Amino acid sequence: MKRMIAYILCICLLSVSVSAATVSMEWDADDLDKPLSTTAQSENVTQLDIKAKSVILMEVMTGTVLYENNADEKTAPASITKIMSLLLVMDAIKQGTLKLDTVITATEHACSMGGSQIWLEPGEQMSVHELLKAAVIASANDAMVALGEAVAGSEEGFVALMNEKAKALGMNNTHFVNCTGLDAEGHLTSAHDVAIASSELIKYDLIKEYSTVWMDSLRNGESELVNTNKLVRFYEGCTGLKTGTTSKAGYCLSATADKNGMQLVAVVMDADSSTDRFEGAKKLLNYGYANYNYKNIEAEIDEKTVIPIKKGVAKYALVVPDGTLNILLPKRTVGDITQTVQLDEFVTAPAKAGTKVGTVKVMSGDSEIGVIDLKLSKDVERINITHTFMWLVRALFCL
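Residues numbered from 1 in each chain as written. Predicted model: local features only at pLDDT ≥ 70, side-chain atom pairs only at ≥ 80, totals over all residues. Heavy atoms only, no water.

(A) How the structure looks around the overall build of the protein. Counting its secondary structure elements, the protein contains 11 helices and 17 strands. The buried share among the 399 residues of the protein stands at 46%. Counting contacts in the protein only where the partners sit at least 6 residues apart, residues at least 24 apart contribute 66% of the total. Carbon and sulfur atoms form 51% of the exposed surface of the protein, whose accessible area is close to 20200 Å². (Helix = DSSP H or I, 4+ residues; strand = E, 2+ residues; numbered from the N terminus. Buried < 20%, exposed > 50% of the residue type's maximum accessible area, 1.4 Å probe, protein only. Contact = heavy atoms within 4.5 Å. Areas by Shrake-Rupley, 256 points an atom, 1.4 Å probe, with all protein chains shown as cover.)

Written out as structure tokens, the structure reads:
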């Protein structure tokens, strides 16, 4: 009897060994980021009458362009430059290299800025929180330079980081020369690039604590701050973001708003007057909210959905959705939103957690509007000699 058991054991081990040598070890690490179309503007859309050189309307979460006119034309940005400057400051705060209560001492260089300022004196000290109030609400150039120097050691070093960040974000028509927006040769951007930076900045809840403030003060009430963005007071749902005005740039504005669960950014560059930039931004925002809806769609699959496993330790593995689907739909869209689950027939072990094993196709009527990938929730281990031996030992004990 013992000889027979030993013989069976050897045959089983040999079978597993051969199987292990013939099964492919490859598995696909599919790209899990499938961006939606980045432009939703119809060629037949009614042209908006906005008195400005270039404009754009973008949805923040998807980056979808809802309306544009000359959006890639290079132009001087004035203080809209500070959107990128403030984005780097927010990044530094998030990373912990800068804190709101950090005290910054004003340098002579920071105090030498012209244009909008809070008249910092060399050696004067203010916290990051106070300087942010000055830079965001009153567009103070001296405060912005002081913050930039705190992040990078010098304005030059800070500007290098700004250009590096712009490149990383795909702002292909942008080059910064300073962090304030004062007119300078070669200091250029575009409405589209401003919208990209604005979308990144407004995702920080912290910036809204400053950009939504209408009036505040510094120096124990001695220095009054009034927001240069009138939409903060007069447009429902406005969350910011930044104005800019110089002789070269004209009147500029990047306006953000959040209504009905949808965040929009409207950029107006080189408007004819301050009134034109605010009216233009309102017209863009109204157009977006009147014509589009934002939806965050979750995959409708059972929490216990599994997929068969071949040559694995377990016979089945749990399947989970890889995130959710953010989509924009025109309000005139016809048809209910439906989902179709498409799961692979099986998975061959070994396979890593996150391996794509299917999709959930999201439809609006007969049109596909997006896909949510389905993935393995954990690693799937391949059966081997050790596992087979342990099973046989358990079987023998059962006998």
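(B) Molecular detail of the nonpolar core. Counting residues in hydrophobic clusters, the biggest one holds 67 residues, and the most contacted among them are Val89, Met90, Ile118, Leu132, Leu147 and Ile207. Top element by residues in this core is helix H2 (residues 82-95). It accounts for nine residues. Not counting residues within four places of it along the chain, the set of residues in contact with Leu132 comprises Leu86, Val89, Met90, Ile93, Leu100, Ile137, Leu147 and Tyr210. (Core = buried A, V, L, I, M, F, W, Y, C linked by side-chain atoms within 4.5 Å.)

(C) A look at helix H5 (residues 141-152). Here H5 spans 16 Å end to end across 12 residues, near enough to the 16 Å set by a 1.5 Å rise per residue. For H5, every residue scored as buried is listed here: Asn141, Asp142, Ala143, Met144, Val145, Ala146, Leu147, Gly148 and Glu149. Those residues of H5 that are buried lie in contact with H2, strand E3 (103-105), helix H3 (108-111), helix H4 (128-137) and helix H6 (155-168). (Expected span 1.5 Å × (residues − 1).)

(D) Main features of the pairing of strand E6 (residues 223-226). Alternating residues of E6 divide into Ser223 and Leu225, all buried, and Glu224 and Val226, none buried. Note that strand E5 (residues 215-218) and E6 share four bridges and pair antiparallel. Bridge assignment links Leu218 to a residue of E6, and that residue is Ser223. (Pairing = 2+ DSSP bridges.)

(E) View of the sheet that holds strand E7 (residues 238-246). Spatial ordering of the open sheet is given by E2-E1-E9-E8-E7, a layout of five strands whose pairing is antiparallel. If you trace the sheet from one side to the other, it starts and ends with strand E2 (65-69) and E7, each paired once. Between one strand and the next, the sheet's axes are offset by a mean angle of 5°, whatever the strand orientation. The pairing of strand E8 (residues 250-259) with strand E9 (residues 262-271) spans eight bridges and is antiparallel. Each residue of the ladder has a partner; that of Lys259, found in E9, is Met262. (Axes fitted to C-alpha atoms, helices over the stretch in contact; angles between N-to-C directions.)

(F) Structural view of the packing of aromatic side chains. Under the counting rule described, the total for this entry stands at three aromatic pairs. Ring geometry for Tyr67 and Tyr287: centres 5.9 Å apart, planes at 65°, overall edge-to-face. In this pair, Tyr67 is assigned in strand E2 and Tyr287 in helix H10 (residues 274-291), connecting sequence segments 220 residues apart. Judged by its relative accessible area of 1%, Tyr67 is buried. (Phe/Tyr/Trp six-rings, centres within 6.5 Å; stacked < 30°, edge-to-face > 60°.)

Worth remembering: the numbers are spatial, not functional.
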